[in-house]
Amino acid sequence: DANEKRLKKIQDELTAVNNSLVEKNHNLTLLSKIGKLVTSSLDIKEILFVIYDSLHSYLNIEIISFGLVDEQQNCVKYKNILVKGEYIPGMQRDSLDNENLSSLCIKKRQEIISNDFQEEYPEFAAEFNKQTDSPIHSVAYFPLTFQGNIIGILGFQNIEKNTFQEHHIPLLRD
């Protein structure tokens, strides 16, 4: 009995390690694929399509946005936004002087992940809800840095709660 329990425990641990390795291998393969496709194009619009197409089967994402910091106007300009895989032309600005998710991400110099955005950031939720037919519940914002300076933000949003699980974050971050 004691040996069987110990063997069962070891088997369960090995299964968990194997599952973790399989997922990490999948993530590396996906990152490699995205990296190859991204380096073949310098067009931000095309890169967003590549990211969306590559991640969509793995992770349900409604909106991907790419914003660049404009230091002269002290804002983040989002010229490139995909909603449900479709490019939305136009411009959205987030002033870095005001309280918004972009300014928070840049001032803290860290990513912002929320799986219950309406509850955790009610002060920003109304503005986000204008972008879609349904309220945004999951948000992930990643500061983009170059030589130690934040040059932009890559954002992911979804109308479902709990979209971004712990194992998704390294893939989105990288």
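Residues numbered from 1 in each chain as written. Predicted model: local features only at pLDDT ≥ 70, side-chain atom pairs only at ≥ 80, totals over all residues. Heavy atoms only, no water.

A. Geometry of the overall build of the chain. Along the backbone of the chain there are six helices and seven strands. Helices (α) and strands (β) of the chain occur, in sequence order from the N terminus, as α-α-β-β-β-β-α-β-α-α-β-β-α. Of the contacts formed within the chain by residues at least 6 apart in sequence, a portion of 48% connects residues at least 24 apart. (Helix = DSSP H or I, 4+ residues; strand = E, 2+ residues; numbered from the N terminus. Contact = heavy atoms within 4.5 Å.)

B. Fine view of the side chain of His137. Mapped onto the elements, His137 comes out in the loop between α5 (122-129) and β6 (138-146). The residues contacting His137, other than those within four sequence positions of it, are Ser114, Asn115, Asp116, Phe117, Gln118, Asn158, Ile159, Glu160 and Lys161.

C. Structural view of the pairing of strand β1 (residues 63-70). Counting buried residues along β1, six of its eight residues qualify, which places the element largely inside the surrounding structure. Alignment of β1 against strand β2 (residues 75-83), held across eight bridges, turns out to be antiparallel. Paired with Val69 across the strands is Val76, a residue of β2. Following β1, the chain reverses through four residues before pairing antiparallel with β2; Asn74 in that reversal takes a positive phi of roughly 50°. Judged from the six bridges that link them, β1 and strand β7 (residues 149-158) form a sheet pairing that is antiparallel. Note that in β7 the partner of Leu68 across the bridge is Gly152. (Buried < 20%, exposed > 50% of the residue type's maximum accessible area, 1.4 Å probe, protein only. Pairing = 2+ DSSP bridges.)

D. The arrangement of the nonpolar core in detail. Of all hydrophobic cores here, the largest spans 20 residues; its most connected members are Leu101, Phe117 and Tyr141. Among the secondary structure elements, those contributing two or more residues to this core are β2, α3 (101-108), α5, β6 and β7. If one sorts the elements of this core by residue count, α3 sits on top with four residues. Apart from residues no more than four positions distant in its own chain, Leu101 is found in contact with Ile112, Phe117, Tyr121, Phe124, Phe128, Val139 and Tyr141. If you look at the next biggest cluster of nonpolar residues, it comprises 18 residues, including Leu55, Ile61, Ile64 and Phe142. (Core = buried A, V, L, I, M, F, W, Y, C linked by side-chain atoms within 4.5 Å.)

E. Inspection of helix α2 (residues 44-56) at higher detail. For α2, with 13 residues, the first-to-last C-alpha span of 18 Å sits near the 18 Å given by 1.5 Å per residue. All buried positions along α2 are accounted for by Ile47, Leu48, Val50, Ile51, Tyr52, Ser54 and Leu55. (Expected span 1.5 Å × (residues − 1).)

F. Geometry of the pattern of salt bridges. Throughout the structure, instances matching the rule amount to four salt bridges. Salt-bridge contacts for Asp12 lead to Lys8; the nearest nitrogen and oxygen are separated by 3.1 Å. Taken together, the residues span about one helical turn, with Asp12 and Lys8 both in helix α1 (residues 2-39) at a distance of four residues. Among the residues examined, Lys8 registers a relative accessible area of 45% and is labelled partly exposed. Salt-bridge contacts for Asp70 lead to Lys77; the nearest nitrogen and oxygen are separated by 2.9 Å. Overall, Asp70 belongs to the buried group, its relative accessible area being 17%. A relative accessible area of 16% means that Lys77 is categorised as buried. (Salt bridge = Lys/Arg side-chain N within 4 Å of Asp/Glu carboxyl O.)

G. Molecular detail of the packing of aromatic side chains. Tallying each qualifying case throughout the model produces three aromatic pairs. Ring pairs connect the aromatic residues Phe117, Tyr121 and Phe124, which therefore count as one cluster. (Phe/Tyr/Trp six-rings, centres within 6.5 Å; stacked < 30°, edge-to-face > 60°.)

H. Representation of the environment of Tyr78 within the structure. Looking at where Tyr78 falls in the secondary structure, it is placed in strand β2. Owing to a relative accessible area of 1%, Tyr78 belongs among the buried residues under this scheme. Linking Tyr78 and Phe66, residues twelve residues apart in sequence, is a C-alpha distance of 5.8 Å. Within the structure, the side chain of Tyr78 is placed 2.7 Å from the side chain of Ser102, a separation counted as a polar contact. (Polar contact = N/O pair within 3.5 Å; in protein donor to acceptor, adjacent residues only side chain to side chain.)

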